[in-house]
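Structure assessment
Here's the letter readout for the chains.
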Amino acid sequence: MTIKRSGIITICGRPNVGKSTLTNALVGEKIAIVTNKPQTTRNRICAILNRGESQFVFVDTPGLHKARTRLGDYMVKVVQESVADVDAVLLMVEPIPNVGAPEAQLIGRIKTLDCPAVLVVNKIDTVKKEDLLAVIGAYQQACDFDAVVLISAKNREGMDELLNLLEDCLPEGPQLFPDGMVTDQPERQVMAEILREKLLLCLDKEIPHGTAVEITKFSERDDEIIDVDATIYCEKASHKGIIIGKQGSMLKKVSTLAREDMERFMGTKVFLQTWVKVKENWRDNVNLIHNFGYHEE
């Protein structure tokens, strides 16, 4: 079917509000990694959905937070630059009846844009329906949103309503990405993000936030098996021991979970090999930040 409308829609909000869960729910595939830890997303990620005669390009952004490292500075800049030159912007919030500092900062940015702004109240399954009126009221006082949509991204509730609303925001024009493409991320980057997600899920406290993943080999054999070599970088020698675990048990667990997800994404068998190396304070080293795939546009 010919695409008649296409456009870019940014999803912004504070850390851990459910932006990546929403991105995956809208597209119907796992594009962005998801954990219950703040600052899981580090880069801007495009997820592409063709629906009828429309193509939606959703931009999932890192949560807006107070930066404490050069990597944090980069993530905040990504958010600020992603809320510009788009066809619509979604401010995603939790069902709390007051506007927090990160939301107020994003609303200030949204008010400078000449595009529709939609308030998306997530996690509505966690509160009583009558409590949502106060949430909507608090945000409508802060900003004259074009629309308000109540959703549960985790339960995929409200997805059709949101897509129907956003379809009207898309300008007429040809599709921005070819058929069959679900993300603008290179496959190597997707593999690195999948492995980093498993580190976030399996490790405690600050350790996973100090990790980065570099894919040093990504090749396909004649029998379609994909070979992936990955190096996990951490900031301290003590963290390396925790990541590897007793007799390699933690690294094996992380690698197995990652390989299973990689195979689902690639649709074929994956042979994954992982190593762990120490790079002290890499989050404050601009060159290393760039090497690990965090590039400014």
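For the structure, check the block above.
Before going into details, it helps to say that this report is about the structure given with it. (Residues numbered from 1 in each chain as written. Predicted model: local features only at pLDDT ≥ 70, side-chain atom pairs only at ≥ 80, totals over all residues. Heavy atoms only, no water.)

Bringing the packing of helix α7 (residues 237–244) against helix α8 (residues 249–266) into the picture now. Contact pair α7 / α8: the axes reach a minimum separation of 4 Å and the direction vectors enclose 65°. Contact residues: I242, I243 and I244 in α7; S249, M250 and L251 in α8. Its residues placed into classes, the contact of α7 with α8 shows five nonpolar, one polar and no charged. (Axes fitted to C-alpha atoms, helices over the stretch in contact; angles between N-to-C directions. Helix = DSSP H or I, 4+ residues; strand = E, 2+ residues; numbered from the N terminus. Contact = heavy atoms within 4.5 Å. Nonpolar A, V, L, I, M, F, W, Y, C, P; charged D, E, K, R; others polar.)

Look at K123: it is not a glycine, yet its phi comes out positive at around 60°. Of note, the phi angle at E224 is positive, near 75°, even though the residue is not glycine. Mapped onto the fold, E224 is located in the loop between β7 (212–220) and β8 (226–234).

Let us look at the nonpolar core. Of all hydrophobic cores here, the largest spans 29 residues; its most connected members are L22, F58, L90 and L162. Mapped onto this core, the elements with two or more residues apiece are β1 (5–12), α1 (19–27), β2 (45–51), β3 (54–60), β4 (88–93), β5 (117–121), β6 (147–150) and α5 (159–167). Among all residues touching L162, those that are not within four sequence positions of it are L22, L26, L90, V118, V120 and V149. One finds V190, A230, C234 and M266 within the second-largest nonpolar core, a separate group that totals 24 residues. (Core = buried A, V, L, I, M, F, W, Y, C linked by side-chain atoms within 4.5 Å. Buried < 20%, exposed > 50% of the residue type's maximum accessible area, 1.4 Å probe, protein only.)

Taken as a whole, this structure holds 10 salt bridges when the rule is applied. E167 is the partner of R51 in a salt bridge, and the nearest nitrogen-oxygen pair spans 3.3 Å. A residue pair is termed long-range when its members are at least 10 positions apart, and R51 in strand β2 and E167 in helix α5 qualify at 116 residues. Between E197 and K198 there is a salt bridge, and its shortest N-O distance comes to 2.8 Å. K198 carries the same exposure label as E197, and that label is buried. Taken together, the shared-partner salt bridges in this structure form one network comprising E197, K198, D261 and R264. (Salt bridge = Lys/Arg side-chain N within 4 Å of Asp/Glu carboxyl O.)

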